[in-house]
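What the coordinates show
What follows is the residue order along each chain.
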Amino acid sequence: MNNAQNKKTSRRQVLKSLISLGAAALLPSVLKAHFSEQSTEKKRPIHFVGLGGAGSEAVRLFHNKGLQGFFTCLNTGEKIDLSPEINFIDLEHPRDIFITKEGKRYDLGPDTTKEYLIPQTVWKVFEQPHRFVLLSGLGGYTGGTTTKEISLHLYRQQKDFYIIGSLPFSFEKSRIVRAQKIIQELKHLGNVTTFELNSIAAMYGNMRMSKAIEKATEQFYTLYQATSWA
Ligand SMILES: Nc1nc2c(ncn2[C@@H]2O[C@H](COP(=O)(O)OP(=O)(O)OP(=O)(O)O)[C@@H](O)[C@H]2O)c(=O)[nH]1
Ligand SMILES: [Mg+2]
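Since the structure is predicted, the reported quantities are computational estimates derived from the model, not experimental observations.

Thoughts on the overall build of the protein
Regarding its fold elements, the protein presents eight helices and eight strands. Counting all 230 residues of the protein, 28% fall into the buried class. In the protein, the share of contacts with a sequence separation of at least 24, taken over all contacts with a separation of at least 6, comes to 61%.

Spelled out as structure tokens, the structure:
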């Protein structure tokens, strides 16, 4: 008997035994719990979502590697060059702009005094019947804060998701504090995998910063490959 027939038979047996127990009213929820892992969940497409700069680079790499699934990047300000197959959503968060006496403007990044207001277009992405892999630099204001908000939302919605996050280099003091706080808030979700950017630098010896960042992006892929979804 093939797998599909096997599933059909066991589904029928469960139905029969529930009906004979007079538990027909319980059917929808019981069946959902019973079959979700074997049937529905595993068939759902995987959606890779990059949050912030580091996460978006990771999604670009995952797409280049030819993984099957859906791809979305959420970021603000910095635009990276992405394939049209990757859905890009600009979070349009206010920027911290410094203007010199001479009137020269410098974009210092997102305004960290204002909380992220995640737009409806983003929540729509997570309404889809997909399994989600969230990728981000947890020390980033964009990556860290949106990873937290979105993970808690997915958890409440009982969606299947993994979080893979990088932890800042030891010299990125304020980012370390932010990342640690976020990990504390998310660790009870259970499906969080992190790696330290310092360990990447140490693994490959002395290297230029840009090279270390490139290796760090590859580390997201290595960790994804170690999950049960790969
Ligand atoms: N893997 C990887 N890490 C990066 C990259 N750029 C920065 N980082 C590291 O990732 C962490 C978060 O940085 P970003 O992703 O740029 O931050 P962000 O989420 O965009 O947040 P803000 O720019 O602060 O809003 C930092 O600790 C950086 O050292 C990248 O392209 N790839
Ligand atoms: Mg950024």
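A few points about the site of ligand 1
Taken together, 21 residues are adjacent to ligand 1, and Gly 52, Gly 53, Gly 137, Gly 140 and Gly 143 come closest. Looking at the shell around ligand 1, the elements that each hand over two or more residues are helix H3 (52-64), strand S5 (105-110), helix H5 (141-156) and helix H8 (209-225). Across the shell around ligand 1, the residue classes break down as eight nonpolar, 10 polar and three charged.

Regarding the pairing of S5
Of the strand pairs in this sheet, strand S4 (residues 95-99) and S5 are connected by four bridges, and their pairing is antiparallel. Directly across from Ile 99, in S5, lies its bridge partner Arg 105. Here S4 folds back onto S5, and the loop between the two strands holds five residues, one of which, Gly 103, carries a positive phi near 90 degrees.

So, the sheet that holds strand S3 (residues 87-90)
Reading across from one edge, S3-S2-S1-S6-S7-S8 is the order of the six strands in this open sheet, with parallel pairing throughout. Each of the sheet's edge strands pairs with one partner strand only, and the pair in question is S3 and strand S8 (192-196). The average undirected angle you get between the axes of adjacent strands in this sheet is 15 degrees. Examined bridge by bridge, strand S7 (residues 161-167) and S8 share five bridges and lie parallel to one another. Its bridge partner being in S8, Ile 164 is matched across the sheet by Thr 193. Against the sheet, H5 engages strand S1 (46-51), strand S2 (70-75), strand S6 (131-137) and S7, with an angle of about 155 degrees to S6.

Some words on the packing of H3 against H8
Axis separation between H3 and H8 bottoms out at 9 Å; the angle between their running directions is 60 degrees. By the angle class used here, H3 and H8 are oblique. Crossing of H3 against H8: the hand is right-handed. Side by side, H3 and H8 meet where Glu 57, Ala 58, Leu 61 and Phe 62 of the first sit next to Thr 217, Glu 218, Phe 220 and Tyr 221 of the second. Within the contact of H3 with H8, the residues separate by chemical class into five nonpolar, one polar and two charged.

About the thresholds
Residues numbered from 1 in each chain as written. Chains lettered and ligands numbered in written order. Predicted model: local features only at pLDDT ≥ 70, side-chain atom pairs only at ≥ 80, totals over all residues. Helix = DSSP H or I, 4+ residues; strand = E, 2+ residues; numbered from the N terminus. Buried ≥ 20, exposed ≤ 12 C-beta atoms within 10 Å, placed from the backbone. Contact = placed C-beta atoms within 7 Å. Near = placed C-beta within 6 Å. Nonpolar A, V, L, I, M, F, W, Y, C, P; charged D, E, K, R; others polar. Pairing = 2+ DSSP bridges. Axes fitted to C-alpha atoms, helices over the stretch in contact; angles between N-to-C directions. Parallel < 35°, antiparallel > 145°, perpendicular 65-115°, else oblique. Left-handed = near helix turned anticlockwise from the far one by under 90°.

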